[in-house]
Amino acid sequence: MHEAGIAAGILKTVIDAAEGAGASRVNTVDVTVGELTEVVEDALHFAWGAATDGTIAQGSKLEITMLPARSRCADCAEVFGHGRYDGGRCPACGGYVVDLLAGRELRVDGIDID
Amino acid sequence: MKIDIGERILAANDDLAAGNRELFAEHGVYVLDLMASPGAGKTSTILATIDALRDRYSIAVIEGDIASKVDAEKVRAHGIPAVQINTGGACHLESAMIRRAVDTLDLDALDLIIIENVGNLVCPSDFDLGEHAKVMILSVPEGHDKPYKYPNIFQVSRAVILNKYDTVGVFDFDEAEFREVVGSLNPHAPIFPVSATKGDGVDAWAEWLAERIEAVKEGGSA
Ligand SMILES: Nc1nc2c(ncn2[C@@H]2O[C@H](COP(=O)(O)OP(=O)(O)O)[C@@H](O)[C@H]2O)c(=O)[nH]1
Ligand SMILES: [Mg+2]
Ligand SMILES: [Zn+2]
Ligand SMILES: [Zn+2]
């Protein structure tokens, strides 16, 4: 999987922010991951450990918030939560034209540093 | 001490993808990212698409593979420039790899670049390469249930090619169910039944692509 690449992406953002703030170490990193991405939580934890080795983020805790998917119906404006497979159709009116509001995010929310 | 960041994780890849997108727009070249499982017929579909469009458009191919260069050689044997990217183990292509490959091509002379992504139904769908469209191929022998298992790739695709359609009678492929599931995941994506090696159905797919190539040549966004 590509969790190693994602961990590298998180690390770059984290190190830029931590160094910019004059940090000596990073304690925790908060990230949000949409449930429709292909990210596997355990694999990301594992990749994080490997990616941070020898950096100021070594030993830091990666706090992953998984975000459920939500869509809005273009016909009736209903906003509904859904899983991976059942989001293509509005549960209220049966319409097929829906806009994804949430579920594909991959975001670093913040860090805790010393 | 807490610091708020709020930055997209694939930011580095997204930035590079935006750069690629700008470059493609500047040169009026349409870029297609073709995704599928290993053996679904990506290379065969690329060769068939080249045959359908080569009289009208100048085409190049970027071949992504974990190792080896056999696909690039097949394309070159067809008289079309091909750049091989070996990902060295990575299971998908990223924008930086595409940029390095594109830098070896003469973009002003090109109308269409087809990217053969690494054979994988999972992570290529998460990586923006700066392409105009991602399109996936499912081959009939893989089974009509694949959209249930890999919904993401069906959702990010602008069109779905159903390849090896010549074998549809041999396998218990339920086309009606396949169309219904893909339609509910992605109502805007047309499905093109194709037999890449025999040539059936290639024209309809190639016309869909040609319309988009034209729009980009004219400076639209397609
Ligand atoms: N019957 C049939 N075989 C096909 C078709 N397209 C590709 N193949 C065969 O499937 C195998 C894999 O094709 P290839 O294009 O290399 O797949 P790739 O790994 O996705 O690039 C080859 O043996 C092809 O000849 C098709 O439309 N019908
Ligand atoms: Mg191939
Ligand atoms: Zn509705
Ligand atoms: Zn990958």
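Caption draft 1: Seen up close, the interface of chain A and chain B. Contact with chain A, which involves 29 residues of that partner, is made by 28 residues of chain B. Here chain A meets chain B over a buried area of about 2,700 Å², counting both sides, of which 60% is carbon and sulfur. For the pair chain A and chain B, the interface holds 2 salt bridges. When the shortest N-O distance is used, the salt bridge between B:Asp126 and A:Arg104 registers 3.1 Å. Linking chain A with chain B are 12 residue pairs in polar contact (both at pLDDT 80 or more), by the criterion used here. Broken down by secondary-structure element, the contributors of at least two residues to the side of chain A that touches chain B are helix 1 (3–20), strand 1 (26–34) and strand 6 (106–113) of chain A. Counting residues per element, the side of chain A that touches chain B draws most heavily on strand 6 of chain A, which supplies 8 residues. Grouping the constituent residues of the side of chain A that touches chain B by class yields 14 nonpolar, 7 polar and 8 charged. The pairing of strand 6 of chain A with strand 1 (residues 2–8) of chain B spans 5 bridges and is classified as antiparallel. Bridge pairing links A:Gly110 to B:Asp4 in strand 1 of chain B.

Caption draft 2: Highlighting the packing of aromatic side chains. All names here are of chain B. One pass over the full model with this rule turns up 5 aromatic pairs over all chains. Ring plane angle 20° and centroid distance 5.6 Å describe the contact between Trp205 and Trp208, whose orientation is recorded as stacked. Placement of the pair is Trp205 and Trp208 together in helix 8 (residues 202–217), with a separation of 3 residues, close to one helical turn. Classification of Trp205 as buried rests on a relative accessible area of 1%. Through successive ring pairs, a cluster of aromatic residues spans Phe154, Phe173 and Phe178.

Caption draft 3: Representation of the coordination of the zinc ion (ligand 4). Donor atoms from the polypeptide that coordinate the zinc ion (ligand 4) comprise B:Cys91 (SG), B:His92 (ND1) and B:Cys123 (SG), at 1.9 to 2.3 Å from the metal. Written as a sequence motif, the donor arrangement for the zinc ion (ligand 4) is C-H-x30-C.

Caption draft 4: Focus on the coordination of the zinc ion (ligand 3). Residue and element names in this part refer to chain A. Every protein donor of the zinc ion (ligand 3) is accounted for by Cys73 (SG), Cys76 (SG), Cys90 (SG) and Cys93 (SG), and the metal-donor separations fall at 2.3 to 2.4 Å. Here the zinc ion (ligand 3) binds 4 donor atoms, and the angle range of 106 to 116° at the metal identifies the geometry as tetrahedral. Coordination of the zinc ion (ligand 3) draws on donor residues from a single chain, spaced C-x2-C-x13-C-x2-C in sequence. Overall, the relative accessible area of 34% leaves Cys76 in the partly exposed class.

Caption draft 5: Fine view of the site of ligand 1. Residues and elements named next belong to chain B. In the neighbourhood of ligand 1, 16 residues make up the surrounding shell, with Gly39, Lys42, Thr43, Ser44 and Asp166 lying closest. With the chains in place, 70% of the 580 Å² that ligand 1 exposes on its own is no longer accessible. The element that contributes the greatest number of residues to the shell around ligand 1 is helix 2 (residues 42–53), accounting for 3 residues. In terms of residue class, the shell around ligand 1 is built from 3 nonpolar, 9 polar and 4 charged.

Parameters at a glance
The numbering scheme is per chain: residues are counted from 1 as the chain's sequence reads. Each chain gets a letter, beginning with A, and each ligand a number, beginning with 1, in the order they are written. Only residues with pLDDT of at least 70 get local features here, since the model is predicted, and only at 80 or more are side-chain atom pairs given and counted; chain-wide, interface and lining totals rely on the full set of residues. The side-chain quantities take in all heavy atoms of the structure and omit both hydrogens and water. Note on contacts: a residue pair qualifies if any of its non-hydrogen atoms lie within 4.5 Å across the two residues. Once two parts are brought into contact, the accessible area they lose, counted with a 1.4 Å probe and summed over both, makes up the buried area. Every case where a carboxyl oxygen of Asp or Glu lies within 4 Å of a side-chain nitrogen of Lys or Arg is listed as a salt bridge. Pairs of N or O atoms are called polar contacts if they sit within 3.5 Å, as long as, within protein, a hydrogen donor faces a hydrogen acceptor (for residues adjacent in sequence, only side-chain-to-side-chain pairs). We count a stretch as a helix when DSSP gives it H or I for four or more residues in a row; a strand needs E for two or more, and each element gets its number in order from the N terminus. Side-chain classes follow a simple rule in which Ala, Val, Leu, Ile, Met, Phe, Trp, Tyr, Cys and Pro form the nonpolar group, Asp, Glu, Lys and Arg form the charged group, and the remainder, Gly included, forms the polar group. Any two strands between which DSSP finds at least two bridges are classified as paired. The pairing test for Phe, Tyr and Trp rings, Trp by its six-membered ring, is centres within 6.5 Å, and the orientation test on the planes gives stacked under 30 degrees, edge-to-face over 60, and tilted for anything in between. Whether a residue is buried, partly exposed or exposed follows from its accessible area with a 1.4 Å probe, protein chains only, as a fraction of its type maximum: under 20%, in between, or over 50%, in that order. Note on donors: an N, O or S atom is included if it sits within 2.8 Å of the metal, or within 3.2 Å for Na, K and Ca, and water is never included, so sites can look incomplete. Here the metal geometry follows the donor angles, with tetrahedral for four donors whose angles all fall between 85 and 135 degrees, square planar for four and octahedral for six when opposite donors are more than 155 degrees apart and every other angle is between 65 and 115, and irregular for all the rest. By convention in this text, a residue qualifies as near a molecule or strand provided that one of its non-hydrogen atoms is within 4 Å of it. The protein chains shown are the only cover counted for residues, whose accessible areas, like all others here, come from Shrake-Rupley with a 1.4 Å probe.

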